[in-house]
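Below are the chains, spelled out letter by letter.
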Amino acid sequence: MARIELETVSKTFSDHAALKDLCLDIADGEFFVLLGPTGAGKTTTLRLIAGLEEPTTGQIRINGDAVNDWGPAQRDVALVLQQYSLYPRLTVRDNLRFPLRSKIRNASPAEIAERVAYAAKTLRIEHLLDRKTDRLSGGEMQRVSIGRAIVRKPQVFLMDEPLSNLDAKLREAMRTELKDLQMRLGATFLFVTHDQVEAMTMGDRMGVLNHGKLEQIGTPHDIYRNPRNDFVAGFVGSPAINLLPGHIESGRAVVTPGSFELPLTTAPAKATGGVTFGIRPEDLQITSGAPLAAVVHDVENHGTEQVVTLRVGTTHLRASVPAHIGIKVEEQVRFGWSPDKVIFFDGETGVNIGRAV
Amino acid sequence: MATVTSYGQRLGNRVAVGMIILALIVFLAPIAWIGATAFKPRNLATTVPPTIFFAPEVSPFVKLFTKRVQLKPNEKVDYESAPWWERIVLDGGERISRTGRGEVQLSGYPSRFLNSLIVAITSTFLAVAMGTITAYGFSRFKVKGEADWLFFILSTRMLPPVVVAIPMFLMYRAVGLNDTHLGLIILYTAFNVSFAVWLMKGFIDEIPREYEEAALVDGYTRMEAFFKIVLPEAATGIAATAVFCFITAWNEYAFALIMTNRRAQTAPPFIPSQVGSGLPDWTVIASGTALFLLPVAIFTFLLRNHLLRGMSFGAIRK
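Residues numbered from 1 in each chain as written. Chains lettered and ligands numbered in written order. Predicted model: local features only at pLDDT ≥ 70, side-chain atom pairs only at ≥ 80, totals over all residues. Heavy atoms only, no water.

Undergrad: Help me out: how do you make sense of the interface of chain B and chain A in this one?
TA: Interface size is often expressed as the accessible area that is lost when the parts come together. The partner chain A presents 25 residues to the 16 residues of chain B that form the contact. Roughly 1,800 Å² is buried in total at the junction of chain B and chain A, and carbon and sulfur atoms are behind 57% of that figure. Between the two partners, chain B and chain A, sit 5 salt bridges. For A:R89, the salt bridge identified is with B:E233, shortest N-O distance 2.4 Å. The tally of links between chain B and chain A comes to 14 residue pairs in polar contact (both at pLDDT 80 or more). If you list the elements that add at least two residues to the side of chain B that touches chain A, you get α9 (209-217) and α10 (222-233) of chain B. For the side of chain B that touches chain A, the element with the most residues is α9(B), which contributes 7 residues. For the side of chain B that touches chain A, a count of residues per class yields 9 nonpolar, 1 polar and 6 charged. (Contact = heavy atoms within 4.5 Å. Buried area = accessible area lost by both parts, 1.4 Å probe. Salt bridge = Lys/Arg side-chain N within 4 Å of Asp/Glu carboxyl O. Polar contact = N/O pair within 3.5 Å; in protein donor to acceptor, adjacent residues only side chain to side chain. Helix = DSSP H or I, 4+ residues; strand = E, 2+ residues; numbered from the N terminus. Nonpolar A, V, L, I, M, F, W, Y, C, P; charged D, E, K, R; others polar.)

Undergrad: Would you mind showing me how to read the domain arrangement of chain B here?
TA: Residues and elements named next belong to chain B. Domain assignment breaks chain B into domain 1 (7-37), domain 2 (59-106) and domain 3 (109-310). Contacts between the two partners involve 6 residues from domain 2, matched on the other side by 8 residues from domain 3. Across the interface of domain 2 and domain 3, roughly 690 Å² is buried in total on both sides, 81% from carbon and sulfur atoms. The tally of links from domain 2 across to domain 3 stands at 1 salt bridge. Here the side of domain 2 that touches domain 3 takes 5 residues from helix α2 (residues 59-65), the largest share from any one element. Its residues assigned to classes, the side of domain 2 that touches domain 3 comprises 5 nonpolar, no polar and 1 charged. (Domains from an automatic or database assignment.)

Undergrad: Just to check I follow, could you spell out the side chain of B:S194 for this structure?
TA: Residues and elements named next belong to chain B. Looking at where S194 falls in the secondary structure, it is placed in helix α8 (residues 181-205). Residue S194 is classed as buried on the basis of its relative accessible area of 2%. There is a polar contact of 3.4 Å between the side chain of S194 and the backbone oxygen of F191. Not counting residues within four places of it along the chain, the set of residues in contact with S194 comprises I153, T156 and R157. (Buried < 20%, exposed > 50% of the residue type's maximum accessible area, 1.4 Å probe, protein only.)

Undergrad: Explain the packing of helix α11 (residues 235-251) of chain B against helix α14 (residues 282-302) of chain B to me, please; I cannot follow it from the model alone.
TA: Two measures define how a pair of helices packs: the angle their axes make with one another and the distance between the axes. All names here are of chain B. Axis separation between α11 and α14 bottoms out at 10 Å; the angle between their running directions is 175 degrees. The angle between α11 and α14 falls in the class roughly antiparallel. Contacts between α11 and α14 involve A242, V243, F246, I247, W250 and N251 from the former and F292, P295, V296, F299 and T300 from the latter. Residue composition of the contact of α11 with α14, grouped by class: 9 nonpolar, 2 polar and no charged. (Axes fitted to C-alpha atoms, helices over the stretch in contact; angles between N-to-C directions. Parallel < 35°, antiparallel > 145°, perpendicular 65-115°, else oblique.)

Undergrad: It is not clear to me how unusual backbone geometry should be interpreted in this structure. Could you clarify?
TA: Glycine aside, residues mostly have negative phi, and peptide bonds are mostly found in the trans state. Note that the residue after A:S238, namely A:P239, is joined by a cis bond; omega there is -5 degrees. Within the secondary structure, A:P239 sits in the loop between α9 (230-235) and β11 (242-249). In this structure, the amide linkage connecting B:V48 to the following residue, B:P49, adopts the cis form with an omega of -10 degrees. Even without being glycine, A:K153 reaches a positive phi, approximately 50 degrees. The residue A:K153 is located in the loop between α5 (138-150) and β7 (156-160) in this model.

Undergrad: So what exactly am I meant to see when it comes to a nonpolar patch on the surface here?
TA: All names here are of chain B. Where nonpolar side chains cluster on the molecular surface, the patch consists of I20, L24, V26, F27, L28, I31 and L293 and spans about 690 Å² of accessible area. The biggest single contributor to the nonpolar patch is helix α1 (residues 7-37), with 6 residues. Topologically, L24 is positioned in helix α1. (Patch = residues over 30% accessible without salt bridge, like charges linked within 9 Å, V, L, I, M, F, W, Y side chains within 5 Å. Areas by Shrake-Rupley, 256 points an atom, 1.4 Å probe, with all protein chains shown as cover.)

Undergrad: Hey, could you run me through the domain arrangement of chain A in this one?
TA: All names here are of chain A. Partitioning chain A into domains gives domain 1 (4-235) and domain 2 (242-355). Domain 1 and domain 2 are separated by 38 Å when their C-alpha centres are compared. Taken together, the 10 residues of domain 1 in the interface contact 11 residues of domain 2. In total, domain 1 and domain 2 occlude about 900 Å² of area from one another, counting both sides; carbon and sulfur atoms represent 42% of this. When the buried surface of domain 1 facing domain 2 is broken down by residue, Y224, R225 and D230 rank first, second and third, together holding 55% of it. The tally of links from domain 1 across to domain 2 stands at 0 salt bridges. Scanning the region where domain 1 abuts domain 2 turns up 6 residue pairs in polar contact (both at pLDDT 80 or more). Looking at the side of domain 1 that touches domain 2, the elements that each hand over two or more residues are α8 (220-225) and α9. Partitioned by chemical class, the residues of the side of domain 1 that touches domain 2 number 4 nonpolar, 3 polar and 3 charged.

Undergrad: What is the right way to read the pattern of salt bridges from this model?
TA: Charged atoms that come close allow side chains of opposite charge to pair. Going through the model one piece at a time under the given rule, you end up with 29 salt bridges over all chains. In this structure, A:E177 and A:R124 form a salt bridge, with 3.3 Å as the shortest nitrogen-oxygen distance. Of the two residues, A:E177 is situated in helix α6 (residues 168-185) and A:R124 in the loop between α4 (109-122) and α5; the sequence distance between them amounts to 53 residues. Note on A:R124: relative accessible area 49%, which makes it partly exposed. Between B:D218 and A:R152 there is a salt bridge; the shortest N-O distance is 3.1 Å. Within this pair, whereas B:D218 is found in the loop between α9 and α10, its partner A:R152 is found in the loop between α5 and β7, the two belonging to separate chains. For the pair shown, B:D218 and A:R152 are each scored as buried. Taken together, the shared-partner salt bridges connect A:D76, A:R105, A:R148, A:R152 and B:D218 into one network.

In structure tokens, the structure reads:
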């Protein structure tokens, strides 16, 4: 089990900078999630730690050892990929044995059998052991490829969107299973995903990556409540936060596109010029006595809640309301927000400049 | 299975089958002719119209594998007591009775055939091995000027090889590679390796590199990953490339004719040399050719499953 440190790591592919001065410190036994949109550099980070790519500059440490010059085999990390992760032509059992048969591990046949049996039992794939990998379902394949990581008892588990190819139901089940597995093994997990739900539900801590730069590191709760800038705010959370450009006038929020006003409790001192107001959908209320009028543009039923898109002039706002409230499209409603939940972002830079108290 | 419904489809199918039959006739006719002639008595080999029904004989093959040595004058004829296969070779005793006893020895054909096998198999193995490794390098690593290198490799096939025959001959004579197995193997490997690189690159590009990366992370070296993961995955491509290379090396005529004369001569230049002076014995030539066709046919047959997938050049989803 191990701690992973990245010190100002940059990676440039010919003329494209994939990572810029990335600093990361993942504690031993931590479930760390790296979240970001496609092309943010998540996979590159993983490949750098695995040793499949060399950093252009910077230092990577595993358990305090500088591993920049180490090959992937020496680093003792396990990699679980989104696809193509199982060796074709081999049975599940042979796939699980494969890493143990490497010369550097030098495992005895008895030990191999024991570890394969343990992994198969842990992941409940014992009945699949003699099957060829091309006769497995997506979920089974992903389980086997996690099993191939487990048998090695590696220092670090690196997972590159392992759940993306699974259907929604299975993904949900695997999320819980993976988290559970990590707790049982007490291993360090670095999990890469573009799905913020995975990040929120599984991560002990998470880092949000965008254009090769780490925007924010923190616990999921922390990042959700207090995003460092409007990108993080917009990326984390589903349904997404409402970001409303405007300014503050005599203690009230004035939203520019629809030029409507909403009350504020306090305003941060720095909020002098243009401000972007961030308000989570669950902090918008649709009630008859609310201050503003809007038209229901769209209703999305999510079962336990419904996400209502409101239209004020040309501005659209998302509000999540309990499912039992009957709302129809094109209906006139009144809405307001919880002034104490507003997050303020600088209108120019997008940086978080404070939140209402 | 799709059911044939409309009249148009049925007609289309019939036309397609007809075309295939026609093509088969065109392609198979020479082979049938060779096969038939290889078993004909000499006097039926060149009849017009061709003889289709005849009593097959093995005499062409016996003649192919034996040769008549210089006849010694003034020696007693002993045709009646000669074994049957000697009698066939000795032309019904006609010449013996005129000039004396003939001697029968093994002809040059078996050793030429063996030479063909040695040269074709070795050069195919070398070309495919080198081609596969080179293609792997081009496919997986960033090679400076990759496109230029690949074009350069391809450019070796832009001239007909015979263009360089005379300089090659002079060079070979200077270094003593004339009429050696090694000389021909080097030549054929050089022809084939460019082809092998290009063909194999296409196949290896199709193999997801994630497999090898998984193996690298799992504790294997690049070489081990290549042998354990890439090679089995590329088997189809290797089979297809090997068949192409083997056919090229096996059928090569011009260089074999120029570069070899006896020791390392392959079958292609040897067979027509049997025409010799006087009337050519087409039955012997046909039997030599029929045997010559067999190795390629067998090789292709053995690799047919790989070839069916390989011929589509990776277009079929694995």
